[in-house]
Amino acid sequence: MSIEQLARDNVRALTPYQSARRLGGKGDVWLNANEYPTAVPFELSQQTLNRYPECQPKAVIENYAAYAGVKPEQVLVSRGADEGIELLVRAFCEPGRDAVLFCPPTYGMYSVSAETIGVECRTVPAKADWQLDLPAIADSLTDVKVVYVCSPNNPTGQIINPQDFRTLLEMTRDKALVVADEAYIEFCPQATLAGWLAEYPNLVILRTLSKAFALAGLRCGFTLANEEVIALLMKVIAPYPLSTPVADIAAQALSAQGIAAMRQRVSQILDERQYLVEALRTIDCVEQVFDSETNYVLARIKASSSVFKSLWDQGIILRDQNKQPSLSGCLRITIGTREESQRVIDALKAETV
Ligand SMILES: *Cc1c(COP(=O)(O)O)cnc(C)c1O
């Protein structure tokens, strides 16, 4: 028997998540992973690397709870929001029996996590305006334990109607968790559902330090939920999910000063987004620029594959969304520095298609 044949069937069939990093490229303008464009410096204050870290570092949990306006018992910290996505499948879905549901076009890790564990992925395409198709979701909930809804949605950039979230939370009450993925919520903080936890025992919220907090390389994310859900996730999380240096830096990033600096960055990104969107709307090969509440914009481009390749060859790396349902011809562009936006604008202007 070959080693390949020893692996689980679903793992052999699996396509790993095509992360921006994995896709490679030799660029000098990286606008494909929704990262903050420049590095924020930190210094380590903990020198106790001989000791195991706390599983749920107290300072990180307390700071995040205060920032999010929830109780510390309602917060779980993990190795990025991606680990939160997976913990929810592991704790709530029986492989071969239960299912997760999500609404493409959306973030790719929901399917990767479920498929790795051997849990069915059920998809209900978003409506033409990328809002939830609630009647179709209602018809698809048999055996569904977790519904992932990204808001604002990656890669389309819009907020999911709060009233639709309420309808979904009611229709799944006592049956399934509704996971609001708020990875980009700092760019539209008024849209958070964190204030609804008291009303809905089945609501879960995912957050991250990777986007507005400019710490994608730190690998630190949060799950907000009622105590009962957090207690179940605590059963399946690794004993030491965060290293001491990660917890150290996360606590600093979540200090009053760290949060003020994050808000500064958000306001600068929003200015840059306006600049990029207005410029894109004047370019010939750009058919449509979709409104965004995030640090990226989605645009429909004429001959998008060749334009994508042409920019790639010039060292400008964007994210091709052409393969996602309803996104033919669409490229996603992260908001970078003014210089980076200008490189994109100039390169697109030079495309004559
Ligand atoms: C970036 C992203 C994540 C992952 O966040 P990490 O904390 O870096 O793992 C989760 N969900 C969405 C929608 C994202 O865009």
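Refer to the preceding data block for the structure.
The written sequence of each chain sets the order in which its residues are numbered from 1. Reporting in this predicted model follows two pLDDT cut-offs: at least 70 for local features of residues, and 80 or more for side-chain atom pairs to be given and counted; totals over whole chains, interfaces and linings ignore these cut-offs and use all residues. The side-chain values count all of the structure's non-hydrogen atoms but skip hydrogen atoms and water molecules.

Draft legend 1. Highlighting empty space enclosed by the protein. In the cavity and pocket records, a cavity denotes points on a 1 Å grid over the protein atoms alone where a 1.4 Å probe fits but cannot get out, a pocket denotes an open set with protein on both sides within 12 Å along at least 5 of 7 lines, and lining residues are residues with an atom within 4 Å of a point. Grid points are joined across faces, edges and corners, and a volume is the space filled by probe spheres set on the points. Evaluation of the coordinates by the stated rule reveals one cavity of 30 Å³ or more. Taken as a whole, the largest cavity holds about 80 Å³ of empty space. In this structure, the largest cavity is lined by Cys 103, Pro 105, Thr 106, Ala 126, Trp 130, Gln 131, Leu 132, Tyr 148, Val 149, Cys 150, Asn 153 and Ile 160. Of the residues contributing to the lining of the largest cavity, the split by class is nine nonpolar, three polar and no charged. When residues are grouped by polarity, Ala, Val, Leu, Ile, Met, Phe, Trp, Tyr, Cys and Pro land in nonpolar, Asp, Glu, Lys and Arg in charged, and all others, Gly among them, in polar.

Draft legend 2. Layout of the site of the ligand. Consider each residue's heavy atoms; a residue with any of them within 4 Å of a molecule or strand counts as near. Neighbouring the ligand are 13 residues, the closest being Ala 81, Tyr 184, Thr 208, Ser 210 and Lys 211. Between the ligand and Asn 154 there is a distance of 2.9 Å, counted from an oxygen atom to a side-chain nitrogen or oxygen. In short, Shrake-Rupley with a 1.4 Å probe defines the accessible areas, and a residue's cover is counted only from the protein chains shown. Coverage of the ligand by the protein chains reaches 94% of its 380 Å² of free accessible surface. Here the ligand occupies the largest pocket. For helices the rule is a DSSP run of H or I covering at least 4 residues; for strands it is a run of E covering at least 2, with both sets numbered from the N terminus onward. With three residues, helix α5 (residues 80-92) is the largest single contributor of residues to the shell around the ligand. In protein, a polar contact means a hydrogen-donor-capable atom and an acceptor-capable atom, both N or O and within 3.5 Å, with residues adjacent in sequence counting only if both atoms are side-chain atoms; elsewhere, any N or O pair within 3.5 Å suffices. Any molecule with more than half of its atoms within 2 Å of a cavity's or pocket's grid points is regarded as sitting in that cavity or pocket.

Draft legend 3. Representation of the pattern of salt bridges within the structure. Only one rule defines a salt bridge in this text: a Lys or Arg side-chain nitrogen within 4 Å of an Asp or Glu carboxyl oxygen. The final tally for this structure, using the stated rule, is 16 salt bridges. The closest approach of N and O atoms between Asp 82 and Arg 219, which form a salt bridge, is 3.9 Å. Placement of the pair is Asp 82 in helix α5 and Arg 219 in the loop between β7 (203-208) and β8 (221-225), with a sequence separation of 137 residues. Whether a residue is buried, partly exposed or exposed follows from its accessible area with a 1.4 Å probe, protein chains only, as a fraction of its type maximum: under 20%, in between, or over 50%, in that order. Residue classification places Asp 82 among the partly exposed positions, given a relative accessible area of 23%. Taking the relative accessible area as the measure of exposure, Arg 219 reaches 31% and is therefore partly exposed. Taking the shortest distance from any N to any O, the salt bridge between Arg 173 and Glu 170 comes out at 3.2 Å. A relative accessible area of 43% means that Glu 170 is categorised as partly exposed. Through salt bridges with shared partners, a single network forms among Glu 4, Asp 9 and Arg 12.

Draft legend 4. Just the layout of surface pockets, in detail. Counted as a void, the largest pocket has a volume near 1300 Å³. Looking at the largest pocket, it is lined by 48 residues, and the ones nearest its centre are Tyr 17, Gln 18, Ser 19, Tyr 107 and Arg 319. When contributions to the lining of the largest pocket are tallied by element, the ones reaching two or more residues are α3 (20-23), α5, α6 (109-117), α12 (304-313) and β12 (319-320). In terms of residue class, the lining of the largest pocket is made up of 21 nonpolar, 15 polar and twelve charged. Computed from the structure, the second largest pocket encloses a volume of approximately 250 Å³.

Honestly, that's just the spatial picture; any functional story needs more than this.
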